[in-house]
2 protein chains.
Amino acid sequence: MIGTEIEHLIKLLARLPGMGPRSARRAALHLLKSRESLMLPLAQMMTRAADVIEECPECHNMDTVQPCAICASPARDAALFCVVEDISDLWAIEKTGSFKGYYHVLGGTLSALDGIGPEDLSIPHLVARVQNMGPREVILALNATIDGQTTAHYIADCLAVTGVKVTQLAHGVPIGGQIDYLDDGTLATALKSRKAV
Amino acid sequence: MIGTEIEHLIKLLARLPGMGPRSARRAALHLLKSRESLMLPLAQMMTRAADVIEECPECHNMDTVQPCAICASPARDAALFCVVEDISDLWAIEKTGSFKGYYHVLGGTLSALDGIGPEDLSIPHLVARVQNMGPREVILALNATIDGQTTAHYIADCLAVTGVKVTQLAHGVPIGGQIDYLDDGTLATALKSRKAV
């Protein structure tokens, strides 16, 4: 005996990542209980965001300005390019404050199964950007998954024609990680890539 | 280097129950990637819901009509009253289809610590409704938590003056439950409340 409007609201909320039917019901109730403080501001912000936020034609990041604030910044190091799978990865790297170059967001990984090819991931666009802007180094910051690593190898092959130096993130024991809890793959990689103290 | 609009959107999304900073970022990106199919419809539905959905003055359920569809239905059994903590509990009981009476939503449990008293939970209103409508039985369907049971005892005391029969949900082994995995409290209650086969 849930009203139609509430049911529609729950169905739409359930389509957010990480939301199930039960958490969507909880979210809908929470919204209805705090309409002035949350539901209406969120609705307005979503309408506004849909209006003003667009994909950067350069790096495929999202921003209110075109090209995005990172691509437009003259303070960044044009010699460094960082390739990431998704915008959330770009945010994670920006948060560390330890990368000052430009980005290129692929928007996913190659997947024969899902029919995702190099064109869908703007890989030809990446090659063209590297040829135009001539960075010294391209860092592949892709996930350490099979799909991520397959895509990294494919991109390294594509970039070979440009002669640019291609690197990838170091693999090993995460900071704060406990040896006893690490998976075999990480431990074996950390051993193989050991460094002099 | 996240744009202000995206940051605002993430902050608002993070205030939904069950959302953390990371899942809010994921949700924001998902919304921005599917604006026509999800972000704008959700924004519209939220604006509309804030406009049309109101609390029922009778049972404190939420609906687009006042009194709500359950309170307005003549097909329901006026002899039975079911008291629940929250609207989500009402929805859960409605889904079972095994209760056909009227509801009363408290909106929480008594809590001296949080300063939630009987007035905040519309308990005086419940007593008045029971006196006016004269049901045969009031079922207390409150959570089997300390707060829920404290509130149930308080309500039972308040309803004593009306002379109505007050019952509560049976406690015991949940259907599909495995004895070996049950907590001591549930098992002890199930033993004490054993029934002839």
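Each chain has its residues counted from 1, following the order in which its sequence is written. Lettering of chains starts at A and numbering of ligands starts at 1, both following the order in which they are written. A pLDDT threshold of at least 70 governs which residues receive local features in this predicted model, and a stricter bar of 80 or more applies before side-chain atom pairs are shown or counted, although totals over entire chains, interfaces and linings include all residues. Hydrogens and waters are ignored; side-chain quantities use all the structure's heavy atoms.

K.L.:
Would you explain helix α5 (residues 87-96) of chain B in this entry?
P.N.:
Two residues of an α-helix separated by three or four positions point the same way, owing to the 3.6 residues in each turn. Residue exposure (1.4 Å probe, protein chains only): buried if accessible area is under 20% of the type maximum, exposed if over 50%, otherwise partly exposed. Secondary structure elements follow DSSP: runs of H or I of four or more residues count as helices, runs of E of two or more count as strands, with numbering from the N terminus. Considered for burial, the residues of α5(B) that qualify are B:Ile87, B:Asp89, B:Leu90, B:Trp91, B:Ile93 and B:Glu94. In the segment just after α5(B), B:Gly97 is the residue with positive phi, at about 70 degrees.

K.L.:
Honestly, the interface of chain A and chain B in this entry has me stumped. Any pointers?
P.N.:
Accessible area lost upon the coming together of the parts serves often as the stated size of an interface. By definition, residues are in contact when any of their heavy atoms lie within 4.5 Å. Listed as interface residues are 52 residues of chain A and, on the opposing side, 52 residues of chain B. Polar contacts, as counted here, are pairs of nitrogen or oxygen atoms within 3.5 Å of one another; within protein the pair requires one atom able to donate a hydrogen and one able to accept it, and residues that are adjacent in sequence qualify only if both atoms are side-chain atoms. At the boundary of chain A and chain B, one finds 12 residue pairs in polar contact (both at pLDDT 80 or more). Top element by residues in the side of chain A that touches chain B is helix α3 (residues 35-52) of chain A. It accounts for 15 residues. In the side of chain A that touches chain B, the residues fall into 31 nonpolar, eight polar and 13 charged. Note on residue classes: Ala, Val, Leu, Ile, Met, Phe, Trp, Tyr, Cys and Pro are nonpolar, Asp, Glu, Lys and Arg are charged, and everything else, Gly too, is polar.

K.L.:
So what exactly am I meant to see when it comes to the nonpolar core here?
P.N.:
Here is a general trend for soluble globular proteins: nonpolar side chains tend to be buried in one another's company. Counting 115 residues, the largest nonpolar core has A:Leu9, A:Leu13, A:Ile155, B:Leu9, B:Leu13 and B:Ile155 as its most contacted members. If you tally residues by element for this core, the top one is helix α3 (residues 35-52) of chain B, at nine residues. With residues up to four places along the chain from it excluded, the contact list for B:Leu9 reads A:Leu42, A:Met45, A:Met46, A:Ala49, B:Ala28 and B:Met39. Nonpolar cores were defined as sets of buried Ala, Val, Leu, Ile, Met, Phe, Trp, Tyr and Cys residues, with membership established by side-chain atoms within 4.5 Å.

K.L.:
Please explain helix α6 (residues 123-133) of chain B as it appears in this structure.
P.N.:
All names here are of chain B. Buried within α6 we find Ile123, Leu126, Val127, Arg129 and Val130. The arc that holds the buried residues of α6, viewed along the axis, is 160 degrees, so those residues lie on one side. Residues of α6 that are buried make contact with α4 (69-72), β3 (80-84), β4 (102-105), β5 (137-141) and α7 (146-159). After α6 finishes, the residue Gly134 shows a positive phi value of roughly 55 degrees. When we speak of the arc, we mean the arc of directions from the helix axis to the C-beta atoms.

K.L.:
Would you explain the state of the cysteines in this entry?
P.N.:
A disulfide bridge is the covalent bond that connects two cysteines by way of their sulfur atoms. Residue and element names in this part refer to chain B. Here, a disulfide means two cysteine sulfur atoms that sit within 2.5 Å of each other. Taken as a whole and assessed by the stated rule, the structure comprises zero disulfides over all chains. Looking at the unpaired Cys56, the closest cysteine sulfur is the one in Cys71, lying at 3.8 Å. A relative accessible area of 1% means that Cys56 is categorised as buried. In this model Cys158 remains outside any disulfide bridge; the closest cysteine sulfur is found in Cys82, 17 Å from its own.

K.L.:
Just checking my understanding: could you explain the sheet that holds strand β4 (residues 102-105) of chain A for this structure?
P.N.:
By definition, the strands of a sheet pair up through backbone hydrogen bonds, in either a parallel or an antiparallel sense. All names here are of chain A. Taken in spatial order, the four strands make up an open sheet running β4-β3-β5-β6, and their pairing is parallel. With one partner strand each, in any of the chains shown, β4 and β6 (165-168) form the two edges of the open sheet. With strand direction ignored, the average angle separating the axes of adjacent strands in the sheet is 25 degrees. Only strands joined by at least two bridges in the DSSP assignment are considered to pair. Direction of pairing for strand β3 (residues 80-84) relative to β4: parallel, over a ladder of four bridges. The residue of β4 that forms the bridge with Val84 is Val105. Throughout, an axis means a line fitted to C-alpha atoms (over the contacting stretch in the case of helices), and angles, computed between N-to-C directions, take values from 0 to 180 degrees.

K.L.:
Which parts of the structure should I look at to understand the environment of A:Gln44?
P.N.:
All names here are of chain A. Locating Gln44 in the fold gives a position in helix α3. A relative accessible area of 55% means that Gln44 is categorised as exposed. The spacing of Gln44 and Ile116 is 72 residues in sequence and 34 Å in space, taken between C-alpha atoms.

K.L.:
Just to check I follow, could you spell out the packing of helix α2 (residues 21-33) of chain A against α3(A) for this structure?
P.N.:
In a pair of packed helices, the angle between the axes and the distance between the axes together describe the arrangement. All names here are of chain A. Contact geometry for α2 and α3: axes closest at 6 Å, N-to-C directions at 115 degrees. Taken together, α2 and α3 sit at an angle that is classed as roughly perpendicular. Facing His30, Leu31, Leu32 and Lys33 of α2, the residues of α3 in contact are Arg35, Leu38, Met39 and Leu42. The residue makeup of the contact of α2 with α3, split by class, is five nonpolar, one polar and two charged. With respect to orientation, any angle under 35 degrees is reported as roughly parallel, any angle over 145 as roughly antiparallel, any angle of 65 to 115 as roughly perpendicular, and every other angle as oblique.

K.L.:
How should the sheet that holds β4(B) be read in this particular structure?
P.N.:
Residues and elements named next belong to chain B. Here four strands make up an open sheet; going across it, the order is β4-β3-β5-β6 and the pairing parallel. Each end of this open sheet is capped by a strand with a single partner; those strands are β4 and β6 (165-168). Strand-to-strand twist in this sheet, taken as the mean axis angle between neighbours without regard to direction, amounts to 25 degrees. Contacting β3, β4 and β5, α5 crosses the sheet at an angle of about 155 degrees to β4. Relative to β5, α7 is tilted by about 165 degrees, and along the sheet it contacts β3, β5 and β6.

No statement about biological role is implied by the geometric values presented.
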